[in-house]
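Breakdown of the fold
Residues per chain are reported as follows:
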Amino acid sequence: MPKYQKVKQWLQEKIVDGTFVSGDKILSEHELAAQFGYSRQTVRQALNELVSEKILSRAQGSGTYVTGAASRTAALRIGVITAWLDPYNFPAILQGMHEVLNSCHCTILLEITYNCQTEEENALRRMLTNHVDGLIIESTKSALPNVNKLLYQKIKTQGIPIVFFNGYYRDFKESYVIMDESHAGALAATALLQKGHKKIGAVLASDDLRGLKRYEGIQSILKQQNLGLECRVTWYTTEDLPHLFSENADSALPAQFFDLSAVICYNDTIATLLLSLFSRHNFHIPQDISMISFGSSPFMSVSGGLTSVCCPFAEMGKRAASLILKKISDPSCEECIILKPTLQYRSSIQNLVKTEQI
């Protein structure tokens, strides 16, 4: 980024965050040159552009001032690309982002990929067309090779900062805000073992890095107890979702679950599908099978609520939004933030230890 652009960007951000408001006199050319260590000619070039864009105005013999239109003109445009608009987690994430970005008068542009790599490419290209100042992205099929890597590299070359949330690409180094997924898997397995469950199954996404990491965490705990899970995992991809656990598959599915004492669900969407399957076969939670999910929904269609490994999704949104603003201010900034999940016990896990004692 040219030096004058750094001065211009810094001034824009100070206007957006309220440091300089309409009518304020900004620092002089001499003061800005001293602050950045640049020549006054470089500073003057930045100021000239802001004046031509009507963000600043000059008063002869007085100085340079923020115009009344500055807050509208200088508002940063932040692109948010999400894999899903699920009703369980994304509202909290978006609310967290909105709180931070709205306080800085940023404009949010939203795109959805539906976890499809082609849709991700289209979303990225539309963001470029809309001249975004930064991108907050939920990675698409992160367990697979990043087919849009060249496009991501082009975006970085153009100086547009990127922050990934809820996942990242292993072959593309960039800042991210994620949950400790391996620890989340370990929490789920531990919760079931502590309640006396030994016949444990899981339904996990194979095209998402989070699915692999959760499996890693589950396995680490089960192996400590000499329990194997390999043959009891139902792996699925996004394309399987329309048919997963549908009524057409009922004849083949019961044997996968009905001799288990508990099942771990990849997310609340999978939990909802499984609940429908169990309901059709008159299987009750937790009397016939216990259930735990990675999510945050306390209600769902389980009496007393679904036990969940919870991610602080609102915090994830806030941290991702704060980080993108930080990277816009400082292009050299690189951060990887890992949030800790928590376990919320509800009524969907039967206590087999207690039952055995009786």
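Scroll up to find the structure.
Our subject in this report is the structure included herewith. Computed from a predicted model, the values in this text were never measured in an experiment.

This next bit is on the overall build of the protein. If you tally the helices and strands in the protein, you get 13 helices and 14 strands. On the principal axes, the C-alpha backbone points of the protein span a range of 90 × 40 × 35 Å. The buried share of the protein, reckoned over its 358 residues, is 51%. By sequence separation, contacts in the protein at least 24 residues apart represent 73% of the contacts at least 6 residues apart. Averaging the locations of the 35 positively and 35 negatively charged side chains of the protein gives two centres separated by 5 Å.

Here we take up the layout of surface pockets. Quantified by volume, the largest pocket comes out at close to 580 Å³. Taken together, 22 residues line the largest pocket, and the ones lying closest to its centre are M1, Q9, G159, I160 and P161. For the lining of the largest pocket, the elements supplying multiple residues, two or more each, are α1 (3–16) and α12 (313–329). Counting residues per element, the lining of the largest pocket draws most heavily on α1, which supplies 5 residues. The volume enclosed by the second largest pocket comes to roughly 410 Å³. Forming the walls of the second largest pocket are 26 residues, and the residues nearest its centre are W84, D86, R210, Y266 and N267. Within the residue set of the lining of the second largest pocket, elements represented by two or more residues are α5 (90–103), α9 (209–224) and α11 (268–280). Among the residues forming the lining of the second largest pocket, the class breakdown is 12 nonpolar, 7 polar and 7 charged.

Once that is clear, we can look at the nonpolar core. Ranked by internal contacts, the top residues of the largest apolar core, which has 72 residues, are I136, F257, I264, L274, F278 and M291. Not counting residues up to four positions away in its chain, the partners in contact with M291 are V263, C265, A271, L274, L275, F278, I285, L306, T307, S348 and I349. Counting residues in each nonpolar core, the second largest holds 21 residues, with A123, V132, I162 and Y176 among its members.

On to the pattern of salt bridges, then. Applying the stated rule across the entire model yields 18 salt bridges. Residue E334 is joined to K173 by a salt bridge in which the shortest nitrogen-to-oxygen separation is 3.9 Å. Here E334, found in the loop between α12 and β13 (336–339), pairs with K173, found in the loop between β6 (162–165) and β7 (175–179); they are 161 residues apart in sequence, far enough to count as distant. Residue E334 is classed as exposed on the basis of its relative accessible area, which comes to 55%. D180 is the partner of K340 in a salt bridge, and the nearest nitrogen-oxygen pair spans 2.9 Å. Of the two residues, K340 sits in the loop between β13 and β14 (342–344) while D180 sits in the loop between β7 and α8 (181–194), which places them 160 residues apart along the sequence. Residues joined by salt bridges that share partners form a network here, namely E29, R40 and R44.

What follows concerns the packing of α5 against α12. Where α5 meets α12, the closest approach of the two axes is 6 Å, and the angle between their N-to-C directions is 40°. In terms of their interaxial angle, α5 and α12 are classed as oblique. By crossing handedness, the relation of α5 to α12 is classed as right-handed. Each of A92, I93, G96, M97, E99, V100 and L101 in α5 lies in contact with α12, whose residues at this interface are F313, A314, M316, G317, K318, A320, A321, S322, I324 and L325. Taken together, the residues of the contact of α5 with α12 sort by class into 12 nonpolar, 3 polar and 2 charged.

Another aspect to go through is the sheet that holds strand β11 (residues 290–294). Strand order in the open sheet made by the 6 strands is β9-β8-β10-β11-β12-β14, with mixed pairing throughout. Every other strand in the sheet has two partners, leaving β9 (233–236) and β14 as the edge strands with one partner each. This sheet shows a mean twist of 15° between the axes of neighbouring strands, independent of strand direction. As defined by bridge partners, strand β8 (residues 200–205) adjoins β9 across 4 bridges and the pair is classed as parallel. Along β9, the bridge assignment pairs A202 with V233. Against the sheet, α8 contacts β8, β10 (262–265), β11, β12 (307–310) and β14, and its axis sits at roughly 165° relative to β11. Along the sheet, α11 contacts β8, β9, β10 and β11; its crossing angle with β11, the most-contacted strand, is approximately 155°.

Read across the open sheet, the 6 strands follow the order β4-β3-β5-β6-β7-β13; overall the sheet is parallel. Two strands close off the open sheet at either side, each with one partner strand: β4 (107–112) and β13. Put simply, the sheet's adjacent strands are angled 15° from each other on average, direction ignored. As defined by bridge partners, β6 adjoins β7 across 3 bridges and the pair is classed as parallel. Across the sheet, residue F165 finds its bridge partner in β7, namely V177.

About the thresholds
- Residues numbered from 1 in each chain as written.
- Predicted model: local features only at pLDDT ≥ 70, side-chain atom pairs only at ≥ 80, totals over all residues.
- Heavy atoms only, no water.
- Helix = DSSP H or I, 4+ residues; strand = E, 2+ residues; numbered from the N terminus.
- Buried < 20%, exposed > 50% of the residue type's maximum accessible area, 1.4 Å probe, protein only.
- Contact = heavy atoms within 4.5 Å.
- Lys, Arg positive; Asp, Glu negative; His and termini not counted.
- Charge placed at Lys NZ, Arg CZ, Asp CG, Glu CD.
- 1 Å grid on protein atoms, 1.4 Å probe; cavity = no way out; pocket = protein on both sides within 12 Å on 5 of 7 lines; lining within 4 Å.
- Points joined across faces, edges and corners; volume = space filled by probe spheres on them.
- Nonpolar A, V, L, I, M, F, W, Y, C, P; charged D, E, K, R; others polar.
- Core = buried A, V, L, I, M, F, W, Y, C linked by side-chain atoms within 4.5 Å.
- Salt bridge = Lys/Arg side-chain N within 4 Å of Asp/Glu carboxyl O.
- Axes fitted to C-alpha atoms, helices over the stretch in contact; angles between N-to-C directions.
- Parallel < 35°, antiparallel > 145°, perpendicular 65-115°, else oblique.
- Left-handed = near helix turned anticlockwise from the far one by under 90°.
- Pairing = 2+ DSSP bridges.

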